[in-house]
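# Close look at the chain arrangement
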Amino acid sequence: MLLNEHQSKTLFEQSGIPVPQGVAVFPGEEAEIRPPFPLPWFLKAQALTGGRGKAGGILRVERADDFTPTVRALFGIDIKGHAVPLIRVEPAVDIRREFYLSLTVSRPRRCLLLTVGRQGGVDIESQGEENLLVQEIRLPGGLEPHQVRAAFFHLGLENEQFQPLAHLLATLLGCVLDNGLLMAEINPLILDGEGRFSALDGKVEVDDSFRDIHPEMERYYQREHATVEENTARDAGFSFVGLPGWVGLVVNGAGLAMATMDALNFSGLPASNFLDLGGGADQQRMRTALDLLFGDPNAKAIFINLFGGILSCEKVALALRGALDGEAPQKPIVVRMAGKDAASGLQILRDLDVDGLSIVSNMREAINVLYSLEPGRDARPDYPAPEPTAPRRRQEGSTYVSTARFGIDRDTPILVQGITGREGRLHTRLMLDYGANVVAGVTPFKGGQEVEGVPVYDSIAQARRDHDIGASIVFVPPRLAADAVLEAAENRIPWAVCITEGIPQHEMLAVFERIKHSPTRVIGPNTPGIMVPGRTKIGILPNTPFTPGPVAILSRSGTLTYEVAYRLSAIGIGQSLCVGIGGDPFIGTDFVDLFEMIRNHEETRTVIVLGEIGGQAEENLAEYVLRTGFGKPVISFIAGRTAPPGKRLGHAGAILERQGGIERKLEAMRRAGFALCPSLRSIAPMTEDALK
């Protein structure tokens, strides 16, 4: 959640960080409001983009009579495609020096970064590396005295400014930690004529996961910065991003949604949105999604692409039937379903027998139907369709030796943390049905109960007195989940599989720092878990699409894992193991760790890597494969290749940080000899070729 300058300064001020006086002015208020401080006044347009100064978004007013017309003029400008929903008015300040100051969460370094600059203002990146000092702040430790001193001496301040700067840095860190901030930037930080620091401008990003479990943070959300569609989706609890195409998209699961968006874009059928229904697709959510797309003038047709994992396609079909209420849809709808209860779900939709509803069995049919919905349209793809690349055989005789082993099998004893909750109960039963060796559960203050015949304990320490534990699976709410992972690690459980989605990033950073010397391997958070087909599962993966065989599937997406296993099994290719490493920015076991374990895994002959935009996981894996001479064929697929830069698509970790980032990722994988699949449809035949 990005905050504009006004909301950022409001948060800073409430946290004890000095800011100039300021008042907010909304359209229609300009004639009644007069700022309660002396002239001259600075009028600052509020928009969630940079470059407002160059765009004329900051104006100085010398006379009170000029206030109203100047405000109205600012409301009429456009800043890089953004309207101006409000203006912040501030008095002039006496500026003696300008600096740069920020605290940000760093995904590559897995810590907070404290950055100070001798000069602040616009174009901070162009002022040279010597301007900035960047220091790593490890959680849960926080600022060290030497880091404060280093910042002070770098800025070249007078000695009497040391304590004020130290207090400011400590206050800013407290603001970041207390409010779950991913970024707190003060640019410029000024030193005024009286020797006081003040935040002349500010930019804040709040962790959505922190906001979800701290509803008081919602007061900082400025609905005026979002579209009607984005606010509607946000209120309904699903992920929505507007795109410039004409095919409306409704999908369950962020990974599958990104892959579907790519398939449409590469086929010359540009998507008008990214919409991930998530794990719930009841009638109200489906109705909200359809109403949203029916009301979107850019969406000329709607494509619903669902894979039933835990989610039942039949229940989704019933929800869609209820949402349509026996009427033909307002716009043509194309539906593809696969997986759990797909046959019965599709039959429900066929029985509706209404115009404008097309039922298809695969993506190729869906694309052909969508082509037919705009006759005469140039079918040339708007994006260059990617070419497949075959896996490159590697030289034999690598001297690299790994002693790591996967070590999970049908006899692995499993403990369920949060076993008495709804999800814990459900998936304990489903794991037992699959043959998993669930021996114990833990829910504090519920010890002595049983769930599905499994004894419940108050703590892992208690459970370990009666049972050997080979793996723990975490079904604990986000507010408590980080501590549950820490409990598993401090009890030295070999594996901890954290299903929970929505854990604040600061909390996981602190946990991973504390357990970095623990023998526990953490999978996740936000993972579907681990499946060893025909033997055991530790997770929420559905039973049906998986079959035993020679192919390992390692993935950042649950729905893509299920979809690919379904496609492989359909042509007789089974899986040796399937692991979802997690969709969050900070996870435990990554692709490299798993490759290290399966390079000597005799059951695995080929590896499929299902990646996503954002982060460095795939690049790090490519470097490992090149460095160690990993000898098994690697088939890879990246979802989100046509995503617009800067947009987060469903998963907290799925964000294309900069233009060109996806090409660097793909090139690293090509150099490592990975087979790059251009589509989901190509994965199964390319895997079949690799096995031959």
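Residues numbered from 1 in each chain as written. Predicted model: local features only at pLDDT ≥ 70, side-chain atom pairs only at ≥ 80, totals over all residues. Heavy atoms only, no water.

### With respect to the sheet that holds strand E28 (residues 575-580)
Pairing is mixed across the open sheet formed by seven strands, whose spatial order is E26-E25-E28-E27-E29-E30-E31. Only two strands of the sheet have a single neighbouring strand rather than two, namely strand E26 (536-539) and strand E31 (675-676). As paired elements, strand E27 (residues 548-555) and E28 share six bridges and run parallel to each other. Its bridge partner lying in E28, Pro548 is registered against Gln575. Against the sheet, helix H12 (residues 422-434) touches strand E25 (529-532) and E26, its axis set at about 165° to E26. (Pairing = 2+ DSSP bridges. Helix = DSSP H or I, 4+ residues; strand = E, 2+ residues; numbered from the N terminus. Contact = heavy atoms within 4.5 Å. Axes fitted to C-alpha atoms, helices over the stretch in contact; angles between N-to-C directions.)

### A look at the sheet that holds strand E18 (residues 413-417)
Strand order in the open sheet formed by seven strands is E20-E21-E19-E18-E22-E23-E24, and the pairing between neighbours is mixed. Because the sheet does not close on itself, it has two edges, and the strands there are strand E20 (450-451) and strand E24 (521-523). Relative to strand E23 (residues 495-498), strand E22 (residues 471-474) runs parallel, the two being bridged by four bridges. Paired with Val474 across the two strands is Cys498, which belongs to E23.

### Focus: the packing of aromatic side chains
Per the stated rule, a full pass over the model turns up eight aromatic pairs. Three or more aromatic residues joined by ring pairs make a cluster, and in this case those are Phe152, Phe153 and Phe162. Positioned over the ring face of Phe512 is Arg110, at 5.0 Å from the centre of the ring. Here Arg234 stacks its cationic end above the ring of Tyr221, 3.5 Å away from the centre of that ring. (Phe/Tyr/Trp six-rings, centres within 6.5 Å; stacked < 30°, edge-to-face > 60°. Lys NZ or Arg CZ within 6 Å of the ring centre and 35° of its normal.)

### Considering the pattern of salt bridges
What the rule picks out here adds up to 34 salt bridges. A salt bridge links Arg556 to Glu618, with the nearest nitrogen and oxygen atoms 2.8 Å apart. On the criterion of sequence distance, the pair formed by Arg556 in the loop between E27 and helix H16 (558-570) and Glu618 in helix H18 (residues 617-628) is long-range, its members being 62 residues apart. Using a relative accessible area of 6% as the deciding quantity, one classes Arg556 as buried. Connected through shared salt-bridge partners, Glu5, Lys9, Lys44, Arg52, Arg88, Glu90 and Asp201 make up one network. (Salt bridge = Lys/Arg side-chain N within 4 Å of Asp/Glu carboxyl O. Buried < 20%, exposed > 50% of the residue type's maximum accessible area, 1.4 Å probe, protein only.)

### Brief notes about the layout of surface pockets
Approximately 410 Å³ is the volume attributed to the second largest pocket. Every residue lining the second largest pocket is counted, 23 residues in all, and those nearest its centre are Ala263, Ser267, Pro678, Ser679 and Arg681. Secondary structure elements with two or more residues in the lining of the second largest pocket: helix H7 (254-266), helix H11 (363-372) and strand E30 (634-639). Counting residues per element, the lining of the second largest pocket draws most heavily on H7, at five residues. Split into classes, the residues belonging to the lining of the second largest pocket amount to 13 nonpolar, five polar and five charged. (1 Å grid on protein atoms, 1.4 Å probe; cavity = no way out; pocket = protein on both sides within 12 Å on 5 of 7 lines; lining within 4 Å. Points joined across faces, edges and corners; volume = space filled by probe spheres on them. Nonpolar A, V, L, I, M, F, W, Y, C, P; charged D, E, K, R; others polar.)

Read these as spatial facts, not as claims about activity.
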